[in-house]
Amino acid sequence: MTLCALLMAGCDWLLETDPVENDISHLTKDVEMVAVSATIKHFSGVYAEYPERENFIIELLGTPHGDVTEAMILDLLAPKGSPSAAGTYEVSSKGEYIALPRYAVVDEQTGFIYYGGCYYGQAVKGIIKDYFGFLTEGEVRVAELEDGSYHIEVTAKSGNYTVSVTYDGTPTKVENVKQ
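Read on for a plain summary of the structure. Worth saying up front: this structure is predicted, and the values here are computed from it rather than measured.

Considering a nonpolar patch on the surface
- On the surface, Val105, Phe112 and Tyr114 cluster together into a nonpolar patch covering about 310 Å² of accessible area.
- On the accessibility criterion, Val105 (41% relative accessible area) is partly exposed.

Points about the environment of Thr162
- Among the secondary structure elements, Thr162 is positioned in strand E13 (residues 161–169).
- Accessibility expressed as a relative area gives 32% for Thr162, which makes it partly exposed.
- In this structure, the C-alpha to C-alpha distance between Thr162 and Leu27, residues 135 residues apart in sequence, is 9.6 Å.
- Setting aside residues up to four positions removed in sequence, Thr162 forms contacts with Asp30, Val31, Ala156 and Lys157.

Details of the environment of Gly62
- Relative to the assigned elements, Gly62 resides in the loop between strand E3 (53–61) and strand E4 (68–79).
- In this structure Gly62 comes out as buried when scored by relative accessible area, which is 4%.
- In the structure, Gly62 is positioned 25 residues away from Ser37 in sequence and 7.0 Å away in space, judged by C-alpha atoms.
- Aside from chain neighbours lying at most four places away, what touches Gly62 is Met33, Val34, Ala35, Val36, Thr69 and Glu70.

Examining unusual backbone geometry
- Not every positive phi belongs to a glycine, and Lys125 is a case in point at roughly 55°.
- Secondary-structure assignment places Lys125 in the loop between strand E9 (119–124) and strand E10 (127–134).

Regarding the nonpolar core
- Among the nonpolar cores identified, the biggest contains 30 residues, and Ile58, Leu60, Met72, Leu74, Leu76, Tyr89 and Val142 are the most heavily contacted of them.
- Of all elements in the fold, only strand E1 (31–34), strand E2 (37–44), E3, E4, strand E5 (87–91), strand E11 (137–144), strand E12 (150–158) and E13 reach the threshold of two or more residues within this core.
- Tyr47, Tyr50, Ile98 and Leu100 belong to the second-largest nonpolar core, a separate cluster that totals five residues.

Here is what the cut-offs are and how they apply
Residues numbered from 1 in each chain as written. Predicted model: local features only at pLDDT ≥ 70, side-chain atom pairs only at ≥ 80, totals over all residues. Heavy atoms only, no water. Patch = residues over 30% accessible without salt bridge, like charges linked within 9 Å, V, L, I, M, F, W, Y side chains within 5 Å. Areas by Shrake-Rupley, 256 points an atom, 1.4 Å probe, with all protein chains shown as cover. Salt bridge = Lys/Arg side-chain N within 4 Å of Asp/Glu carboxyl O. Buried < 20%, exposed > 50% of the residue type's maximum accessible area, 1.4 Å probe, protein only. Helix = DSSP H or I, 4+ residues; strand = E, 2+ residues; numbered from the N terminus. Contact = heavy atoms within 4.5 Å. Core = buried A, V, L, I, M, F, W, Y, C linked by side-chain atoms within 4.5 Å.

Structure representation (structure tokens):
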């Protein structure tokens, strides 16, 4: 009887509702970040599933704290011909303006699997690897103002945690890449 109780008590981790180790989120608390810099890259026709879309990759960075910097990566799809990232994007894989949730791509040359989508992370010495959260629901609002500055607001969730990110300023780099 003691062995049975011991085994049952030792398996409580199987019943966790928000396990730390998974492919979607390693977040352990709500996130509230104010970005201090932004990079916007514009691609056309990048995704086979969305050939008639404009793709905007926005990297928002927070204030560095030693070797750690908060980062929000936004992988956004807008209707073909959209000249800028301006729009209200729903975290989804369908719709007119899409903030992509986690997706996987297999490199046919190497067999490696790469993950993409919108996610928050903490970069240590420039690399995000252990503390991240892909967006699972919510929205991203991007406004381009007349002076060329942007207001970006993320109001979303990653699993059970909220992710709130804001940015106001002029992006440090805007690239238009046609493929």
